[in-house]
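Residue strings, one per chain:
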Amino acid sequence: MHVTHDPAAATAPTIDFNSFLAVDIRVGTIVDARPFPEARKPAFRLWIDFGPAIGVRKSSAQITENHPLETLVGQQVAAVVNFPPRQIGPVVSEVLTLGLPDAEGKVVLVQPSKPVPNGGRLF
């Protein structure tokens, strides 16, 4: 799924601005988080509230190394909301929760630096 975690890697091919705009990245608040023991790699199941226009969407996220389960509810995260749903084991993931690799390649969630309204779009 990931192209590379290497911070020294070359950039991806150039895209035009309309291609960027086609990816709908929104902020939402995690309202529920549960273990996902059926996942091939350690992961959590997340329910994220993106506000009244989008609602609550489900996601599977491999964030167990840097984000303890008990700390997730109430946190805001960024996610792609316009990818098609993806079957991950017995779970359908409706959004792609975004993260960046730490020095060991473990996922750190992309989050706003202060609270913002749910459903806000990245620009």
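What you are looking at is a predicted structure, and each value in this text was computed from that prediction instead of being measured.

1. A few points about empty space enclosed by the protein
Considering all chains together, one arrives at 1 cavity of 30 Å³ or more under this definition. Here the lining of the largest cavity is composed, by residue class, of 5 nonpolar, no polar and 1 charged.

2. Quick look at the pairing of strand 2 (residues 44-49)
Remember that side chains alternate between the two faces of the sheet whenever the strand is regular. Direction of pairing for strand 1 (residues 25-35) relative to strand 2: antiparallel, over a ladder of 6 bridges. When the sheet's bridge partners are listed, isoleucine 30 is paired in strand 2 with isoleucine 48. In this structure, strand 2 lies alongside strand 3 (residues 56-61), joined through 6 bridges in antiparallel fashion. Considered in strand 3, the bridge of arginine 45 is made with serine 60. Turn length for the strand 2-strand 3 hairpin, with the two strands adjacent in sequence and antiparallel, is 6 residues, and the turn residue glycine 51 shows positive phi of about 90°.

3. Describing the side chain of glutamine 75
In this fold, glutamine 75 is placed in the loop between strand 3 and strand 4 (76-80). Its relative accessible area of 19% is what places glutamine 75 among the buried residues. Polar side-chain contacts of glutamine 75 include one of 2.5 Å to the side chain of glutamine 111. With residues near it in sequence (within four places) discarded, glutamine 75 still touches Gly28, Thr29, Ile30 and Gln111.

4. A look at the pattern of salt bridges
Opposite charge on two side chains permits pairing when their charged atoms draw close. Under the defined criterion, the tally for this structure stands at 3 salt bridges. Put simply, arginine 26 and aspartate 24 hold a salt bridge, and the shortest N to O gap is 2.6 Å. Here aspartate 24 falls in the buried class, since its relative accessible area comes to 12%. Note that aspartate 24 is salt-bridged to arginine 121, the shortest N-O span being 3.4 Å. Taken together, the positions of aspartate 24 in the loop between helix 1 (17-22) and strand 1 and arginine 121 in the segment after strand 9 (107-109) put the pair 97 residues apart, joining distant regions of the chain. Salt bridges sharing partners connect three or more residues here, namely Asp24, Arg26 and Arg121.

Rules used throughout
Residues numbered from 1 in each chain as written. Predicted model: local features only at pLDDT ≥ 70, side-chain atom pairs only at ≥ 80, totals over all residues. Heavy atoms only, no water. 1 Å grid on protein atoms, 1.4 Å probe; cavity = no way out; pocket = protein on both sides within 12 Å on 5 of 7 lines; lining within 4 Å. Points joined across faces, edges and corners; volume = space filled by probe spheres on them. Nonpolar A, V, L, I, M, F, W, Y, C, P; charged D, E, K, R; others polar. Pairing = 2+ DSSP bridges. Helix = DSSP H or I, 4+ residues; strand = E, 2+ residues; numbered from the N terminus. Buried < 20%, exposed > 50% of the residue type's maximum accessible area, 1.4 Å probe, protein only. Polar contact = N/O pair within 3.5 Å; in protein donor to acceptor, adjacent residues only side chain to side chain. Contact = heavy atoms within 4.5 Å. Salt bridge = Lys/Arg side-chain N within 4 Å of Asp/Glu carboxyl O.

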